[in-house]
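Residue-level listing of the chains:
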Amino acid sequence: METLIESGEQAIKLGAELIRAGEIVAFPTETVYGLGGNALDSSCVAKIYEAKGRPADNPLIVHIAKIEDIYPLVSEFSERNKKVVEKFMPGPITLLFPKSEIVPNSVTAGLKTVGIRMPKCEIARKFIESCGTPIAAPSANASTRVSPTTAKHVYEDMKGRIPLIIDGGDSEVGIESTVLDLTRGIPTILRPGAITAEMLAEVIGSVRTHKGEVISSAPAPGMKYKHYAPTVPMVVAKDMNSLIVEYDKQYKNGLKPLALIRGQVVSSMGDRQYVNLGFTDSEVCRNIYSAMRNSEKVCDYIICIDLGENGLCKSVMNRVLKASGGKMV
Ligand code: AMP
Ligand code: MG
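Residues numbered from 1 in each chain as written. Chains lettered and ligands numbered in written order. Predicted model: local features only at pLDDT ≥ 70, side-chain atom pairs only at ≥ 80, totals over all residues. Heavy atoms only, no water.

Novice: Could you give me a rundown of the site of ligand 1, with the residues and numbers involved?
Specialist: The full set close to ligand 1 counts 16 residues, and Arg 54, Asn 58, Thr 113, Ser 139 and Arg 191 are the nearest of them. Between ligand 1 and Thr 113 there is a distance of 3.1 Å, counted from a nitrogen atom to a side-chain nitrogen or oxygen. Here an oxygen atom of ligand 1 sits 2.6 Å away from a polar atom, N or O, in the side chain of Arg 191. Burial of ligand 1 by the protein chains amounts to 96% of its free accessible area of 490 Å². The set of elements that each furnish at least two residues to the shell around ligand 1 consists of strand S6 (113–117) and strand S10 (188–191). (Near = heavy atom within 4 Å. Polar contact = N/O pair within 3.5 Å; in protein donor to acceptor, adjacent residues only side chain to side chain. Areas by Shrake-Rupley, 256 points an atom, 1.4 Å probe, with all protein chains shown as cover. Helix = DSSP H or I, 4+ residues; strand = E, 2+ residues; numbered from the N terminus.)

Novice: Describe in detail the sheet that holds S6, supporting the description with residues and values.
Specialist: Sheet architecture is open: 10 strands sit in the order S1-S8-S2-S3-S7-S4-S6-S5-S9-S10, paired in mixed fashion. Here the strands that pair on one side only, and so sit at the sheet edges, are strand S1 (4–6) and S10. Strand-to-strand twist across the sheet, computed as the mean angle between neighbouring axes with direction ignored, equals 35 degrees. Sheet analysis places strand S9 (residues 178–181) next to S10, joined by 3 bridges and oriented antiparallel. Paired with Val 179 across the bridge in S10 is Arg 191. With respect to the sheet, helix H3 (residues 79–88) is in contact with strand S5 (93–98) and S9, its orientation differing from that of S5 by roughly 160 degrees. (Pairing = 2+ DSSP bridges. Axes fitted to C-alpha atoms, helices over the stretch in contact; angles between N-to-C directions. Contact = heavy atoms within 4.5 Å.)

Novice: Run through helix H6 (residues 197–204), naming residues and quoting values.
Specialist: Every buried residue belonging to H6 is among Ala 197, Leu 200, Val 203 and Ile 204, and all of these are buried. Each buried residue of H6 sits inside an arc of 130 degrees when the element is viewed along its axis, so together they form one side. Facing away from the buried side of H6, by more than 90 degrees, are the exposed residues Glu 198 and Glu 202. Elements in contact with the buried residues of H6: H3, S5, S9 and S10. Downstream of H6 by one or two residues, Gly 205 has phi in the positive range, about 105 degrees. (Buried < 20%, exposed > 50% of the residue type's maximum accessible area, 1.4 Å probe, protein only. Arc of directions from axis to C-beta.)

Novice: If you had to explain the side chain of Thr 188 to someone new, which residues and values would you point to?
Specialist: Summarising the element assignment, Thr 188 is placed in strand S10. Residue classification places Thr 188 among the buried positions, given a relative accessible area of 5%. Within the structure, the side chain of Thr 188 is placed 2.9 Å from the backbone oxygen of Ile 186, a separation counted as a polar contact. If sequence neighbours within four positions are ignored, Thr 188 has contacts with Val 179, Leu 180, Asp 181 and Arg 208.

Novice: Describe the environment of Ile 303, naming the residues involved and giving the relevant values.
Specialist: For Ile 303, the position within the fold is in strand S14 (residues 301–305). With relative accessibility at 0%, the residue Ile 303 sits in the buried group. A sequence separation of 46 residues divides Ile 303 from Pro 257, and the C-alpha atoms of the two residues are 7.3 Å apart. When sequence neighbours within four positions are dropped, the list of residues in contact with Ile 303 reads Val 235, Ala 237, Leu 243, Glu 246, Tyr 247, Pro 257, Leu 258, Ala 259 and Leu 260.

Novice: Would you mind going over the packing of aromatic side chains in detail, with residue names and values included?
Specialist: Using the criterion set out here, one finds 3 aromatic pairs in the structure. Both rings, one in Phe 27 and one in Phe 127, keep their centres 5.1 Å apart while their planes meet at 40 degrees; by these two values the pair is tilted. Here Phe 27, found in strand S2 (residues 25–27), pairs with Phe 127, found in helix H4 (residues 122–131); they are 100 residues apart in sequence, far enough to count as distant. Taking relative accessible area as the criterion, Phe 27 reaches 0% and is therefore assigned buried. Between Phe 77 and Phe 97, the ring centres sit 5.7 Å apart and the planes meet at 25 degrees, which makes this aromatic pair stacked. Residue Phe 77 is found in the loop between strand S4 (61–63) and H3, and its partner Phe 97 is found in strand S5; the two are separated by 20 residues along the sequence. Judged by relative accessible area, Phe 77 falls into the partly exposed class, the value being 25%. Members of the aromatic cluster, connected to one another through ring pairs, are Tyr 71, Phe 77 and Phe 97. (Phe/Tyr/Trp six-rings, centres within 6.5 Å; stacked < 30°, edge-to-face > 60°.)

Novice: Give a description of helix H7 (residues 240–252) that names residues and reports values.
Specialist: Relative to the 18 Å expected for 13 residues at 1.5 Å per residue, H7 spans 18 Å between its end C-alpha atoms, a close match to the ideal helical length. The complete set of buried residues in H7 reads Met 240, Ser 242, Leu 243, Ile 244, Glu 246, Tyr 247 and Gln 250. Buried-residue contacts for H7 involve strand S11 (234–237), strand S12 (257–261) and S14. Backbone geometry just after H7 places Gly 254 at a positive phi near 95 degrees. (Expected span 1.5 Å × (residues − 1).)

This is the structure in structure tokens:
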């Protein structure tokens, strides 16, 4: 199968036609690129799992274009949940509700809950609206690979497996959505993201946070899988001193290391290879996945600086620690 990369209105129109014909299409969102298919048709859903090589017990997120599109998909909608929806949608958050009958079990991996997201990205919303159906979509990477934040990343993983990638440029946020379970007494974050616990607590009162370690009995299916792993080993350095020591040690071992660091410290790298992740937290978040993808092609050992625990960086570190298997130096 030939995989086209198209942009603009034409791409949205072609994408929607393909979806209506039962195909799957990659599309941009503000978090990462998604691999979408008709969420109400289990044969389309099966194509998504197949193209990604995704385990069947890892549920997909259902994407919508308008708030009203939530109602047919859920069996319960409380006043509290209405408040969360109105405050955070559209945006980089996935909300879990009790699912209605029309959502196929394959979308939710057999769970009684459905994850729903309304992207802020206009291309995504226009695309979903043109499809005329909710769109089930996980990230558009091959299973266990780093999530894609450009059309080119998607092409690397999906070439020959899907007919179309809608190109919307770089994803603005750069990491996957926050997943918030609204079916529990205290809403619970199953996956941290750009909408932080602090932001949610302000609206809901109290939120249970997810600590981010890879744990096998995690309530969010999918969190137990090794995610976002570059193809070369990666470690996290607790400070710049440890980073330099580790770099030089690996270099002496004959490896070609590369450091992922903040813009403020590039001068301390000397002749060593590095990628500047940016100066602000949102730049670091936007660049982290591209940096991992690009680095694995030019080095054989990645050392990422500990980015700290503040707000957005806590969510970025959740991904970095998964990619490194939690290895610290
Ligand atoms: P991806 O879009 O590739 O990041 O995958 C979607 C992720 O959303 C899954 O791996 C889960 O962590 C989460 N998710 C989606 N639906 C549910 C659900 N019904 N219950 C728990 N987690 C979900
Ligand atoms: Mg994913």
